[in-house]
Amino acid sequence: MLLLLIGQALSCQKEEIEKKTDLTQFPYQPKSFELNISSNYPDMRIPADNPLTVDGIALGRKLFYDPIISRDSTISCASCHNQDLSFKDGKPLAIGIDGQIGRRSSMSLLNIGYNSFPLFWDGRVSTLEEQVDHPINDPLELDHDWGTLKEKLKNHNQYPRLFRAAFGIETVEDIDEDLISKAIAQFERTLISSGQSKYDKVLRGEATFTDDELQGYLMFFDVVPDLPDAECGHCHAEPFFTTFEFKNNGIENVTDLNQFVDKGRFEVTMNELDIGKFKTPSLINAMINPPYMHDGRFQTMEEVLDHYNSGGHRQINTDPLIQPLGLSEKQKFQVIEFIKTLTDSNFLENPSYSAP
Ligand code: HEC
Ligand code: HEC
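An account of the accompanying structure is given in this report. The model shown is predicted, which means the values in this text are computed figures rather than measured ones.

On to the overall build of the chain. Counting its secondary structure elements, the chain contains 15 helices and 2 strands. In terms of principal-axis extent, the alpha carbons of the chain reach across some 100 × 50 × 30 Å. Out of the 356 residues belonging to the chain, those deemed buried represent 50%. Of the contacts made within the chain by residues no fewer than 6 positions apart, 65% connect residues no fewer than 24 positions apart.

This is the structure:
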């Protein structure tokens, strides 16, 4: 009798656990999602094993904004990637869990899905899916561990069915690092230029530059021989206003490569000539998200222009385009007027990018 009772209790418990972990009762009707890409931007390459779906993006967006993703559930990806600041954070160095100061500046996520080069200032990961692991485990950022995070998500009152809707999983046990990363990467791929900046409109013939903007444009892209070359457009090239490449743009006042505090790309390649090279950031929305550079050393665009105009500091691998430019005060102002036309306010205000 006693044995029978114990047997019944055990099987009841098992059923209950199964009921809790079984997700097949919830709907899975994947709808593919088409990016609304403006005519002056190219198509995006999406990995075959992580197609964009409406529910995948919704889940990624929720995870991106949810502090559940940090060790003590206090900060999220959005703490350092804020839509109002084109997904940067307005600080020279990122501030992570427990208010700890990181070693580099946050990076914009605008057009991140187009990035065909490795990610981060030093290029230490190659895909958005792979990238997610880094902030989650970084002791200066979210300082979490996958095991605990997965448990939190499995026991949550909403996430299991959201993972089901996004990926068709059948039990909560299938919630794992792979799917968490895939969902966040899907959301990130939706963060694209709206095609409504003044510059976009000028390209399509829907607006015209002021005289100062035009002069700035001509110098930025070295279009005419009778104006000084600002050289910017070689590295901050159309349509993303970056080539995504790693360069030494001469900001560090040292003579010897070994004196670089942050060795940048070298940390990944171990090639000495990569010391002090960092990823070229996009200039779209640069006007609204100072401070600038991997360590946030410049507070204003004027300081940035003064740096480039001076020719910067020379080490053996400083890019040859970094040289005294000879821009007058007026011409520096005009280059900045041109950079202002790259501001994409529709991107900053797009309701589908905000906290869900
Ligand atoms: C504490 C602040 C902080 C948090 C939290 C944070 N990031 Fe970042 N993010 C940064 C910093 C700083 C960098 C640049 C780090 C480097 O290059 O070493 C960066 C870089 C990136 C990049 C690379 C961009 C590029 O152009 O190469 C991506 C993508 C990214 N973060 C996504 C995320 C996601 C997704 C999350 C949440 C899972 C997240 N970040 C959480 C600060 C943060
Ligand atoms: C040789 C390539 C090269 C040229 C030419 C160049 N840049 Fe850069 N730019 C870079 C790199 C690389 C970085 C990042 C360096 C770092 O953080 O250490 C950068 C960073 C910037 C930033 C900071 C963006 C941010 O989000 O932090 C601004 C603004 C900028 N450049 C504007 C310009 C302007 C304006 C010109 C022309 C006067 C110019 N650049 C010319 C390669 C270049």
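From this point on, the discussion continues.
Attention now moves to the packing of helix α13 (residues 301–310) against helix α14 (residues 329–340). The interhelical angle for the contact between α13 and α14, taken along N-to-C directions, is 125°, at an axis separation of 10 Å. On the basis of the axis angle, α13 is oblique to α14. Crossing of α13 over α14 shows right-handed handedness. On α14, the residues touching Met 301, Glu 302, Leu 305, Asp 306 and Asn 309 of α13 are Lys 332, Val 335, Ile 336 and Ile 339. Tallied by class, the residues present in the contact of α13 with α14 amount to 5 nonpolar, 1 polar and 3 charged.

With that out of the way, let us pick up the coordination of the iron atom of ligand 2. Coordination of the iron atom of ligand 2 by the protein is provided by His 236 (NE2) and Tyr 308 (OH), with metal-donor distances spanning 2.0 to 2.1 Å. Around the iron atom of ligand 2, the 6 donor atoms are arranged such that angles at the metal cover 85 to 179°; this shape is classified as octahedral. Here Tyr 308 lies in helix α13 and His 236 lies in the loop between α11 (232–235) and β1 (246–247), a separation of 72 residues in the sequence. Judged by its relative accessible area of 8%, His 236 falls in the buried class.

Definitions and limits used
- Residues numbered from 1 in each chain as written.
- Chains lettered and ligands numbered in written order.
- Predicted model: local features only at pLDDT ≥ 70, side-chain atom pairs only at ≥ 80, totals over all residues.
- Heavy atoms only, no water.
- Helix = DSSP H or I, 4+ residues; strand = E, 2+ residues; numbered from the N terminus.
- Buried < 20%, exposed > 50% of the residue type's maximum accessible area, 1.4 Å probe, protein only.
- Contact = heavy atoms within 4.5 Å.
- Axes fitted to C-alpha atoms, helices over the stretch in contact; angles between N-to-C directions.
- Parallel < 35°, antiparallel > 145°, perpendicular 65-115°, else oblique.
- Left-handed = near helix turned anticlockwise from the far one by under 90°.
- Nonpolar A, V, L, I, M, F, W, Y, C, P; charged D, E, K, R; others polar.
- Donors = N, O, S within 2.8 Å, 3.2 Å for Na, K, Ca; no water.
- Tetrahedral: all angles 85-135°; square planar, octahedral: opposite > 155°, others 65-115°.

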